[in-house]
Amino acid sequence: MTTAIQESAKSSPTTVAEWRKVADEGMVALRAALGRLLSTNGDQDPAWIQSLDQARLDAQLTQLEALAAQSIDRSKDLPLFGVPFAVKDNIDVAGWTTTAACPAFAYEPAQDAEVVARLRKAGAIVVGKTNLDQFATGLVGTRSPYGAVPCVFDSERVGGGSSSGSASVVARGLVPFALGTDTAGSGRVPAGFQNIVGLKPTRGWLSTRGVVPACRTLDCVSVFALTTTDAHFVANTAGGFDALDPFARPTRVLASGMGPSPRFAVPQSIEFFGDDSASAAFAAACAKLEAIGVRLTKIDFSPFAELASLLYQGPWVAERLSVVEALYVRDAQAIHPVVRSIVEGGNKHSALDAFRAEYRRAELASVIANVLSGFDALLVPTAPFHPTLKQVEADPIGVNSRLGTYTNFANLADLSALALPGPFRDDGLPAGITLLAPAWHDPALADFGSRWLESLDQPPGLLQSVPTAPPLKPASSQVVQLAVVGAHLTGMPLNHQLVSRRSRLVKTCKTAPGYGLYALTGTVPPKPGLARTGGTSQIELEVWEIPTEAFGSFVAEVPPPLGIGNVQLEDGGWTKGFICEGAAIESGLDITAFGGWRAFVNRPQPAPGQGATGTSAISAK
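Report on the accompanying structure. As the structure is a computational prediction, the values presented were derived from the model and not from experiment. (Residues numbered from 1 in each chain as written. Predicted model: local features only at pLDDT ≥ 70, side-chain atom pairs only at ≥ 80, totals over all residues. Heavy atoms only, no water.)

**Digging into the overall build of the protein chain**
So, step 1. For the protein chain, the helix and strand inventory stands at 20 helices and 21 strands.
So, step 2. The C-alpha atoms of the protein chain give 27 Å as radius of gyration, which agrees with the globular expectation for 621 residues (25 Å, within 12%).
So, step 3. If one aligns the C-alpha atoms of the protein chain with their principal axes, the spans along those axes are about 90 × 55 × 45 Å.
So, step 4. A total of 621 residues make up the protein chain; the buried ones form 58% of that total. (Helix = DSSP H or I, 4+ residues; strand = E, 2+ residues; numbered from the N terminus. Rg over C-alpha atoms; globule rule 2.2 N^0.38 Å. Buried < 20%, exposed > 50% of the residue type's maximum accessible area, 1.4 Å probe, protein only.)

And the structure:
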């Protein structure tokens, strides 16, 4: 299957790391590489609403050289130096018109949206504004006066929306990443249909200041990329608390990784609306996930489905009407007819409807949080089927509604999400999967997403090979070293609290002389307490490195009588480590003679009918 715009899928470099290598060669090489983009985003390509021209390129390169001149450490100060990116045309870029795919709505922004400003400050170059379902209302990519954006694998199929253009240009390797938005799935469905990564962040992490709203209380800025590493790196660069955005939230990290055998929930019954190829592809993805150690457990999906239905059947449609109200009153015919028919529904809802719906949303979100509490993520197909352009034309509302089956609930439930490529369908089309987790689990999703793509070993987008450029370093490389002596040791019940935060085992060693170890009473799972007692005894331990941004959430999980203090190691150095309240030590069992918790746990057990051994020489204090 081919499409006319496949022919533009011949650009190199393709990833952020590859573009940074070009920049390292010097400004002449960078100018040449960026100059080649001038011929790849022309008027014949429906993915673009506004294209890069020589004047805009020159102006940005002049600014980039000024930033470089002020930089002390370019790799640190300008992590995206010279890296091109595209911006969905409902996000403001100074010097470019914002249309939201509606010419009658268009305006000239005085400044960049906050996310764009942060990326440009990091050295990135805007190369165009991309097409979308008008006012970000749709999951199909066809509701635009600038033309429908087809799937890059089959021009008779939809490319997905509303961030259709952003996904298309990334899939073709024209840019390594692009910004989209996601209210009901607009940052995920296009990724699934184009064989790329779509990161829908926790609401409030990436600022929405300078973004034309769809539903302002639910909107997110999303990131499309060819790799999970690039998507998360960009989000870390663009993200962070924005005091001028009333919907911003202070950034938190509740989980920064998953263990080797994560547990995913999957709907008990999945509706593919008669698309057997989509069903078979998702089954193949599940089998592949289980083959790499993922444990899948079926759950009741009904609370997710009910919450999803509230987005368009409930009063949130009135939020969409509030955005276009002035234009609707002045010239309703200027709005795309399908979009107009949707936003008009906002007039049907009262204030009572809004409160009742919000109460039900909160109830369902609470149920969903409880359902997911025992899992690392929820696994769903990104889209249940892949419609043709003709199918959408025949039933624009119904087809679009069905496409949101596994996306619409995410922001209403305050979930983070990551859309990933999956095994291809038997008809040659992409078939994506999506992982969803509670808010602020974005790093954990990205961590697993990288593992998944590595195991899939499948070129992203239209690329002919898997990108081989060295991966980017994490945005934050700061770590805290922590000594653990008990239930957090490798293979012990609480070790997952370290692994899930992308912690790394540094070494196994002993304390300095003078430490004792005590089995505490009443702890679940069983735990020891470490105390400085004098003498010559040493206790075996492990030293782990925890990312600084994850350390606070780890400490928050430490229950009394334990705490985090300073522990001296056998080499004389000091590190953070577990300590224990004196009262708990006094009532605990002295197990110092075993030399460590692992030896105590694995001690020989008495044979049936014989008296206790192994601890008889150990006295309780």
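**Here we look at the pattern of salt bridges**
So, step 1. As enumerated under the stated definition, the model contains 24 salt bridges in all.
So, step 2. Arg 172 is paired through a salt bridge with Asp 45; the nearest N and O atoms lie 2.7 Å apart. With Arg 172 in the loop between helix H6 (164-171) and strand S6 (177-182) and Asp 45 in the loop between helix H2 (27-35) and strand S1 (48-51), the pair connects residues that are 127 residues apart, well separated along the chain. No difference in accessibility class separates Arg 172 from Asp 45, as the two residues are buried.
So, step 3. With a shortest N-O distance of 2.9 Å, Glu 363 and Arg 360 are connected by a salt bridge. In this pair, Glu 363 and Arg 360 both sit in helix H13 (residues 351-372), three residues apart, roughly one turn of the helix.
So, step 4. Residue class for Glu 363 comes out partly exposed when judged on its relative accessible area of 44%.
So, step 5. Shared partners join several salt bridges into a network, and the residues in it are Asp 154, Arg 157, Asp 275, Arg 425 and Asp 427. (Salt bridge = Lys/Arg side-chain N within 4 Å of Asp/Glu carboxyl O.)

**Concerning unusual backbone geometry**
So, step 1. Residue Ser 162 is bonded to the preceding Gly 161 through a cis peptide linkage, with omega at 0°.
So, step 2. Along the chain, Ser 162 turns up in the loop between strand S5 (154-158) and H6.
So, step 3. Backbone torsion omega between Pro 560 and Pro 561 reads 10°, so that peptide bond is classified as cis.
So, step 4. Examined against the element boundaries, Pro 561 turns out to sit in the loop between helix H18 (548-556) and strand S19 (562-568).

**Re helix H15 (residues 396-403)**
Since the α-helix turns once every 3.6 residues, residues separated by three or four places project in the same direction.
So, step 1. Where H15 is concerned, the buried positions are Gly 398, Val 399, Asn 400 and Leu 403.
So, step 2. In this structure, the buried residues of H15 make contact with helix H7 (189-194) and helix H14 (389-394). (Contact = heavy atoms within 4.5 Å.)

**Considerations on the nonpolar core**
So, step 1. Counting 92 residues, the largest nonpolar core has Val 116 and Phe 177 as its most contacted members.
So, step 2. Excluding residues within four positions of it along the chain, Val 116 makes contact with Phe 85, Val 87, Ile 91, Asp 92, Val 93, Val 126 and Leu 179.
So, step 3. Of all hydrophobic cores here, the second largest spans 35 residues; its members include Leu 530, Ala 531, Val 543 and Ile 546. (Core = buried A, V, L, I, M, F, W, Y, C linked by side-chain atoms within 4.5 Å.)

**So, the environment of Val 543**
So, step 1. Mapping Val 543 onto the fold places it in strand S18 (residues 540-547).
So, step 2. Val 543 sits 60 residues away from Ala 483 along the chain, and the two C-alpha atoms are 4.4 Å apart.
So, step 3. Leave out the neighbours within four places in its chain, and Val 543 touches Gln 481, Leu 482, Ala 483, Arg 504, Leu 505, Val 506, Lys 507, Cys 509 and Leu 569.

**Comments concerning the sheet that holds strand S21 (residues 589-590)**
Neighbouring strands of a sheet are bound in pairs by backbone hydrogen bonds; such pairs are parallel or else antiparallel.
So, step 1. As summarised here, the arrangement of the three strands in space is S17-S16-S21, forming an open sheet in which the pairing is antiparallel. Of all the strands in the sheet, the pair left with one neighbour each is strand S17 (528-532) and S21. (Pairing = 2+ DSSP bridges.)

**Focus on the environment of Glu 557**
So, step 1. Mapping Glu 557 onto the fold places it in the loop between H18 and S19.
So, step 2. Given the relative accessible area of 38%, Glu 557 is considered partly exposed.
So, step 3. In this view, Glu 557 contacts Gln 497 and Arg 501; residues no more than four positions away in its chain are not counted.
So, step 4. At 3.1 Å, the side chain of Glu 557 forms a polar contact with the side chain of Gln 497. (Polar contact = N/O pair within 3.5 Å; in protein donor to acceptor, adjacent residues only side chain to side chain.)

**Remarks on the packing of aromatic side chains**
So, step 1. Applying the stated criterion across every chain, the model contains 15 aromatic pairs.
So, step 2. Taking 5.5 Å as the distance between ring centres and 40° as the angle between the ring planes, the aromatic pair formed by Trp 597 and Phe 600 counts as tilted. A residue pair is termed a helical-turn pair when its members lie 3 or 4 positions apart in one helix, as Trp 597 and Phe 600 do in helix H20 (residues 597-601) at three residues.
So, step 3. Overall, Trp 597 belongs to the buried group, its relative accessible area being 5%.
So, step 4. By way of ring pairs, the aromatic residues Phe 301, Phe 304, Tyr 406 and Phe 409 are connected into one cluster.
So, step 5. We note Arg 603 situated over the ring of Phe 600; from NZ or CZ to the ring centre the distance is 4.0 Å. (Phe/Tyr/Trp six-rings, centres within 6.5 Å; stacked < 30°, edge-to-face > 60°. Lys NZ or Arg CZ within 6 Å of the ring centre and 35° of its normal.)

**A look at the state of the cysteines**
So, step 1. Summed over all chains, the structure comprises zero disulfides.
So, step 2. Here Cys 509 is not cross-linked by a disulfide; its sulfur's nearest cysteine counterpart is in Cys 580, at 20 Å.
So, step 3. Residue Cys 580 is classed as buried on the basis of its relative accessible area of 15%. (Disulfide = S-S within 2.5 Å.)

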